[in-house]
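# Examining the three-dimensional arrangement
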Amino acid sequence: MASTTATSALRSGLGGFLRAHRERLSPADVGLPGTTRRRTSGLRREEVAALSGVSVAWYTWLEQGRVDTSRQVLDAVARALRLDDASHRHALALAGFAPGATAAPVPVAVEPGLRAMIDSWADSPAAVLGPALDLLAWNRAYVDVWPDPADVAEDRRNLLLLLVEDDRHRRVLPDWEPVAVDLYRHLRTRADRRPEDEGFQRLTGRLRSTRTDLDAWWACRSIGDFTSRTVEIASRRDGTLHPYGMTLLLTPQPQDTAILVMTPQDARKPPVP
């Protein structure tokens, strides 16, 4: 059972999540007439309350993290806020209606079988990532394309952190921003469900302090699993761009770990530096 502190943090996370989605909606999005005299961005709380069939006071307390809610009511709020399936599931998890919503953090160890699998992918760069996107293991092909994680201080050995603060990683992936944004959504999905996990807290704090110019990113409450895509990877030798399919494979054990795998999309292999 979650501690009182964890339960309070989850309530607060749910409230902030709902508020962020409310502020992104306009009256027209939900079929309400617009007015010129609105002091707040997005929908008003009383509008969401009316659409959800609850009192304004209760909905206000929900956003403030002061009350628990039933699944039926939360489903109604999700419909009022036009949450997509992923966001709806996330809200349910924060409210305690989905597996893993209050799971305690567990030590992450890379299974030998997992290491052997990525080592067998001779032409496909691959790395095992922890729940907070820490680089836990990688194969030879990964080091052929990316800077070697072994040369990075352990407390900085994090894929998202390296993408946003390390020039060498951004040179390898010139169009790094869409990947970083999607990784952050993936991270938030896990972090919101583990409000007491210090690893997530440290990473979020470092991201905010490292790239204050991206504060709008860090304040965003969007969530979702990483979307597979094709990316252009630059050879560290001559800058030639090579297409790779980039996918994040979720693993059932250890919990919330993933494998980042990149599959070459053409016959040209980038030269090893």
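Scroll up a little and you will see the structure.
Reference entry: report on the structure contained in this document. All figures in this text were calculated on a predicted structure; none of them were measured in a lab. (Residues numbered from 1 in each chain as written. Predicted model: local features only at pLDDT ≥ 70, side-chain atom pairs only at ≥ 80, totals over all residues. Heavy atoms only, no water.)

## Digging into the overall build of the chain
Put simply, the rule is: Note on conventions: DSSP H or I runs of at least 4 residues are helices, E runs of at least 2 residues are strands, and numbering of each starts at the N terminus. Only protein chains enter the area calculation, which uses a 1.4 Å probe; residues under 20% of their type maximum are buried, those over 50% are exposed, and those in between are partly exposed. We call two residues in contact whenever any of their non-hydrogen atoms come within 4.5 Å of each other. Each accessible area is a Shrake-Rupley estimate made with a 1.4 Å probe; only the visible protein chains count as cover when residues are assessed.
Regarding its fold elements, the chain presents twelve helices and five strands. Evaluated residue by residue, the chain yields a buried proportion of 46% over its 273 residues. The long-range share in the chain, meaning contacts at least 24 apart out of those at least 6 apart in sequence, stands at 56%. On the chain, roughly 13,600 Å² of surface is accessible, and the fraction owed to carbon and sulfur atoms is 49%.

## Here we look at the sheet that holds strand β5 (residues 258–264)
Just so we agree on the cut-off: Strand pairing is assigned whenever DSSP identifies at least 2 bridges connecting the two strands. Axes here refer to lines fitted to C-alpha atoms; in helices the fit is confined to the stretch in contact. Angles between the N-to-C directions go from 0 to 180 degrees.
Strand order in the open sheet formed by five strands is β2-β1-β5-β4-β3, and the pairing between neighbours is antiparallel. Two strands in the sheet have a free side with no partner beyond their single neighbour: β2 (135–138) and β3 (229–234). Ignoring which end each strand starts from, the neighbouring axes of this sheet average 30 degrees apart. The sheet contact formed by strand β1 (residues 126–129) and β2 spans three bridges and is antiparallel. Bridge pairing links A127 to W138 in β2.

## As for the environment of V172
With respect to the element layout, V172 can be found in helix α9 (residues 167–172). Sequence spacing of V172 and L241 is 69 residues, and the spatial spacing of their C-alpha atoms is 8.9 Å. If we ignore the near neighbours within four places in the chain, the residues touching V172 are V145, W146, P147, E232, I233, A234 and R236.

## Section: the packing of helix α1 (residues 4–24) against helix α5 (residues 85–94)
Under the convention used in this document: Any angle from 65 to 115 degrees is called roughly perpendicular, while one under 35 is roughly parallel, one over 145 is roughly antiparallel, and all others are oblique. A crossing counts as left-handed when the near helix is turned anticlockwise from the far one by less than a right angle, and as right-handed when that turn is clockwise. For this classification, the nonpolar set comprises Ala, Val, Leu, Ile, Met, Phe, Trp, Tyr, Cys and Pro, the charged set comprises Asp, Glu, Lys and Arg, and every other residue, Gly included, is treated as polar.
In the contact formed by α1 and α5, the axes pass within 9 Å of each other and the chain directions differ by 150 degrees. Relative to α5, α1 is oriented roughly antiparallel. Relative to α5, α1 is oriented so that their crossing is left-handed. Along its contact with α1, which presents L10, G13, L14, F17 and H21, the element α5 presents S87, H90, A91 and L94. Tallied by class, residues from the contact of α1 with α5 come to five nonpolar, four polar and no charged.

## Here we look at the pattern of salt bridges
Operational definition: By definition here, a salt bridge exists when the distance from a side-chain nitrogen of Lys or Arg to a carboxyl oxygen of Asp or Glu is within 4 Å.
Per the stated rule, a full pass over the model turns up 13 salt bridges. Salt-bridge contacts for R45 lead to E63; the nearest nitrogen and oxygen are separated by 2.9 Å. One end of the pair, R45, is in helix α2 (residues 45–52); the other, E63, is in helix α3 (residues 56–63), and 18 residues separate them in sequence. The network of salt bridges with shared partners includes R22, R45 and E63.

## Details of the packing of α1 against α3
Two quantities define a packed helix pair, namely the angle between the axes and the distance from one axis to the other. The contact between α1 and α3 brings their axes to 7 Å, and the two run at 115 degrees. In terms of their interaxial angle, α1 and α3 are classed as roughly perpendicular. Between α1, through R11, L14, G15, G16, L18, R19 and R22, and α3, the contact on the second element is made entirely by Y59, L62 and E63. When the residues that make up the contact of α1 with α3 are grouped by side-chain class, the tally is four nonpolar, two polar and four charged.

## Some points on the packing of aromatic side chains
Two descriptors summarise a pair of aromatic rings, namely the distance from one centre to the other and the angle between the planes of the rings. Test applied: The rule is short: rings of Phe, Tyr and Trp, with Trp giving its six-membered ring, pair when the centres are within 6.5 Å, and they are stacked under 30 degrees, edge-to-face over 60, tilted in between. In our convention, an over-ring charge means Lys NZ or Arg CZ found within 6 Å of a ring centre and within 35 degrees of that ring's normal.
For the structure on display, the rule yields one aromatic pair. Each ring, one from Y142 and one from W146, has its centre 6.1 Å from the other, and the planes form 25 degrees; the classification is stacked. Each of the two residues, Y142 as well as W146, counts as buried. Sitting over the ring of W176, R170 keeps its end group 5.6 Å from the ring centre.

## Brief notes about α5
All of the buried residues in α5 are S87, H90, A91, L92, A93 and L94. Packed against the buried residues of α5 are α1, α4 (71–80) and α10 (177–191). In the segment just after α5, G96 is the residue with positive phi, at about 90 degrees.

## Here we look at the nonpolar core
Inclusion rule: We define the nonpolar core as a collection of buried residues of types Ala, Val, Leu, Ile, Met, Phe, Trp, Tyr and Cys that are connected through side-chain atoms lying within 4.5 Å of one another.
With 38 residues, the main nonpolar core has W146, L160, L183 and I233 as its most contacted residues. Taken together, the elements giving at least two residues each to this core come down to β1, α7 (140–145), α8 (159–165), α10, α11 (198–210), β3, β4 (241–250) and β5. With residues up to four places along the chain from it excluded, the contact list for L160 reads L133, A180, L183, Y184, L187 and L207.

## Examining the pairing of β4
Of the strand pairs in this sheet, β3 and β4 are connected by six bridges, and their pairing is antiparallel. Across the sheet, V231 pairs through a bridge with Y244, a residue of β4. Between the end of β3 and the start of β4, which pair antiparallel, lie six residues, with G239 showing a positive phi angle near 80 degrees. Pairing analysis gives seven bridges linking β4 to β5, with the strands arranged antiparallel. The partner of L248 across the bridge, within β5, is L260.

These figures come from the coordinates and say nothing about function on their own.
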